[in-house]
Amino acid sequence: MSAASHQLDARARHLLRSLIAQYIAEGQPVGSRTLARSSGLDVSPATIRNIMSDLEEFGLVSAPHTSAGRVPTAQGYRVFVDSLLEMRPLGEGELAQLRRELPTDVATPDLLGSATALLSQVTHFVGVVSVPRREEFPFRHIDFVPIDGGRVLVILVFTDGQVQNRVIAPERAYAPAELEQIANFLNSHFAGLRIDEIRVRLLREMQDEGARLNRLLSAVVEVAGKAFQGDAGGDMLVAGQTNLMGRQDGADVDRLRELFEAFQRKRDLLQLLERCARADGVRLFIGEESGFAALDGFSLVAAPYGVDNRVLGVLGVIGPTRMAYERVIPVVQATAGIISHALRRA
């Protein structure tokens, strides 16, 4: 909680909550007379003006242009979300609707693609989901197919139903019978393990064998080492970018263009989502809090998803700072829970 929020008395907190709620609903600067009518407080407009001046001095509201009304700042939204917002989890009916909209009996990429689109559809903003690296999932089965030039086609089947093909170039050419023997060894000894776990086990077996390392295990280590090389980098799914068009005034067109370019590059947004992966539950960046210039004037509401206390990725919503946080936060939180539950069943 910010230092400014501790200095607000009950009346100032009530007025700040009323001002932000009205601004979120209407999108127009809120004047003292309007606030006097809508707040329900039995105080004069002059008293409200004095309180508004105090809120402005604390950096919680500002007066745009020459308007007599005030709008909340990023710091004001932060105080609102952290200490003034009444958060309610989604009702059973809304949860059931989300579960119906997400096809949980599909491969992980399809599940995450559906989650991205659903977040955008439900909130009317931009849905974003970071995609786990393949090595985060246990593998179910592996096959090797020799192709030209001594190269080998690796067919990896993961426990979440996805099939991935890779072409590797071993140090030497392998006969089809050798490749079949290597595949049988890996399938019988390592099926159900993640790739990082397989690497550790192989290294341990190499150390145990020492100088007695047999020909088969040598071949397994060489071929598996190339077949199980990790992904080069993460990826991110984005849906609903056009939802942001029309929500910003003309002065923010350049900022919106910058954000759209960030969606295309993905790298900076992926780094921001990675920061959210370490959060316990929902993480919220409001405006400049992210330290990412393209998000000035926008907010990111994000939550990690995963299995067995292991984070696989992050999903969330990007929209204007003037969003209904009490609605968006529970949707993001619930969707992360549904995705995590679906992946546990994979």
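Anyway, here's the lowdown on the structure attached to this text. Keep in mind that this is a model prediction, so the values were computed, not measured. (Residues numbered from 1 in each chain as written. Predicted model: local features only at pLDDT ≥ 70, side-chain atom pairs only at ≥ 80, totals over all residues. Heavy atoms only, no water.)

Examining the overall build of the protein chain
- Check the secondary structure of the protein chain and you find 13 helices and 10 strands.
- Seen through its C-alpha atoms, the protein chain measures out along the principal axes to roughly 90 × 40 × 40 Å.
- Buried residues in the protein chain amount to 45% of all 346 residues.
- Nonlocal contacts in the protein chain, meaning residues at least 24 apart in sequence, comprise 62% of its contacts between residues at least 6 apart.
- Accessible surface computed for the protein chain: about 17,000 Å², of which carbon and sulfur atoms make up 47%.
- The centroid of the 38 positive side-chain charges in the protein chain is displaced by 2 Å from the centroid of its 42 negative side-chain charges. (Helix = DSSP H or I, 4+ residues; strand = E, 2+ residues; numbered from the N terminus. Buried < 20%, exposed > 50% of the residue type's maximum accessible area, 1.4 Å probe, protein only. Contact = heavy atoms within 4.5 Å. Areas by Shrake-Rupley, 256 points an atom, 1.4 Å probe, with all protein chains shown as cover. Lys, Arg positive; Asp, Glu negative; His and termini not counted. Charge placed at Lys NZ, Arg CZ, Asp CG, Glu CD.)

Looking at the nonpolar core
- Ile 142, Phe 144 and Tyr 325 are the most contacted members of the largest nonpolar core, which totals 84 residues.
- Looking at this core element by element, the count peaks at 11 residues for helix H13 (residues 325-344).
- Excluding residues within four positions of it along the chain, Ile 142 makes contact with Val 154, Ile 155, Leu 156, Ala 183, Leu 186, Asn 187, Ala 227 and Phe 228. (Core = buried A, V, L, I, M, F, W, Y, C linked by side-chain atoms within 4.5 Å.)

Quick look at the packing of aromatic side chains
- Tallied over the full model, the rule gives three aromatic pairs.
- The ring of Tyr 174 is capped by Arg 172, whose NZ or CZ atom sits 3.9 Å from the centre of that ring.
- Across the ring face of Tyr 23, the terminal group of Arg 322 is positioned such that the distance to the ring centre comes to 5.9 Å. (Phe/Tyr/Trp six-rings, centres within 6.5 Å; stacked < 30°, edge-to-face > 60°. Lys NZ or Arg CZ within 6 Å of the ring centre and 35° of its normal.)

Remarks on the pattern of salt bridges
- Summed over all chains, the structure comprises 14 salt bridges.
- A salt bridge links Asp 82 to Arg 78, with the nearest nitrogen and oxygen atoms 3.1 Å apart. Taken together, the positions of Asp 82 and Arg 78, both in helix H5 (residues 74-84) and four residues apart, correspond to about one turn of that helix.
- Classification of Asp 82 as partly exposed rests on a relative accessible area of 39%.
- Residue class for Arg 78 comes out buried when judged on its relative accessible area of 17%.
- For Glu 171, the salt bridge is made with Lys 226, and the minimal N-O distance between the two is 3.7 Å. Within this pair, whereas Glu 171 is found in the loop between strand E6 (163-168) and helix H8 (176-190), its partner Lys 226 is found in helix H10 (residues 215-227), the two being separated by 55 residues in sequence.
- Through salt bridges with shared partners, a single ionic network connects Arg 78, Asp 82 and Glu 289. (Salt bridge = Lys/Arg side-chain N within 4 Å of Asp/Glu carboxyl O.)

What to know about helix H12 (residues 267-277)
- For H12, the complete set of buried residues consists of Leu 269, Leu 270, Leu 272, Leu 273, Cys 276 and Ala 277. One face of H12 carries all of its buried residues, which in axial projection span an arc of 160°.
- Considering only its buried residues, H12 is in contact with strand E3 (126-131), strand E7 (235-239), helix H11 (253-265), strand E8 (283-286), strand E9 (298-307) and strand E10 (310-320). (Arc of directions from axis to C-beta.)

Focus on unusual backbone geometry
- You will see that Lys 266, though not glycine, has its phi angle at about 70°, which is positive.
- Relative to the helices and strands, Lys 266 resides in the loop between H11 and H12.
- Positive phi, normally seen in glycine, also occurs at Asn 309, with a value near 60°.
- Relative to the assigned elements, Asn 309 resides in the loop between E9 and E10.
- Look at Asn 309 and you get exposed, because its relative accessible area is 88%.

Some remarks on the pairing of E6
- Residues Gln 164, Arg 166 and Ile 168 of E6 are buried on one face, while the alternating residues Val 163, Asn 165 and Val 167, pointing to the opposite face, are not.
- Note: strand E5 (residues 152-158) against E6, six bridges, orientation antiparallel. Looking at the pairing, Val 157 lines up with Val 163 of E6.
- As consecutive antiparallel partners, E5 and E6 are separated by four residues, and within that stretch Gly 161 has a phi angle of approximately 95°, a positive value. (Pairing = 2+ DSSP bridges.)

Let's talk about the packing of helix H2 (residues 10-26) against H5
- Taken N-terminus to C-terminus, the directions of H2 and H5 make an angle of 110°; their axes are 10 Å apart at the nearest point. Compared by their axis directions, H2 and H5 come out roughly perpendicular. As H2 packs across H5, the resulting crossing turns out to be left-handed. Within the contact between the two elements, H2 uses Arg 13, Leu 16, Arg 17, Ile 20, Tyr 23 and Ile 24 and H5 uses Gly 76, Tyr 77, Val 79, Phe 80, Ser 83 and Leu 84.
- When the residues that make up the contact of H2 with H5 are grouped by side-chain class, the tally is eight nonpolar, two polar and two charged. (Axes fitted to C-alpha atoms, helices over the stretch in contact; angles between N-to-C directions. Parallel < 35°, antiparallel > 145°, perpendicular 65-115°, else oblique. Left-handed = near helix turned anticlockwise from the far one by under 90°. Nonpolar A, V, L, I, M, F, W, Y, C, P; charged D, E, K, R; others polar.)

Quick notes on the environment of Phe 185
- Along the chain, Phe 185 turns up in helix H8.
- Spatially, the C-alpha atom of Phe 185 lies 9.9 Å from that of Ile 142, the residues being 43 residues apart in sequence.
- Here Phe 185 is in contact with Phe 190, Glu 205, Leu 216, Leu 217 and Val 220, once residues within four sequence places are set aside.

Focus: a nonpolar patch on the surface
- Taken together, the side chains of Val 145, Ile 147 and Val 167 present a nonpolar region at the surface, about 200 Å² in accessible area.
- Mapped onto the secondary structure, Ile 147 falls in the loop between strand E4 (139-146) and E5.
- The partly exposed category is assigned to Ile 147, whose relative accessible area is 31%. (Patch = residues over 30% accessible without salt bridge, like charges linked within 9 Å, V, L, I, M, F, W, Y side chains within 5 Å.)

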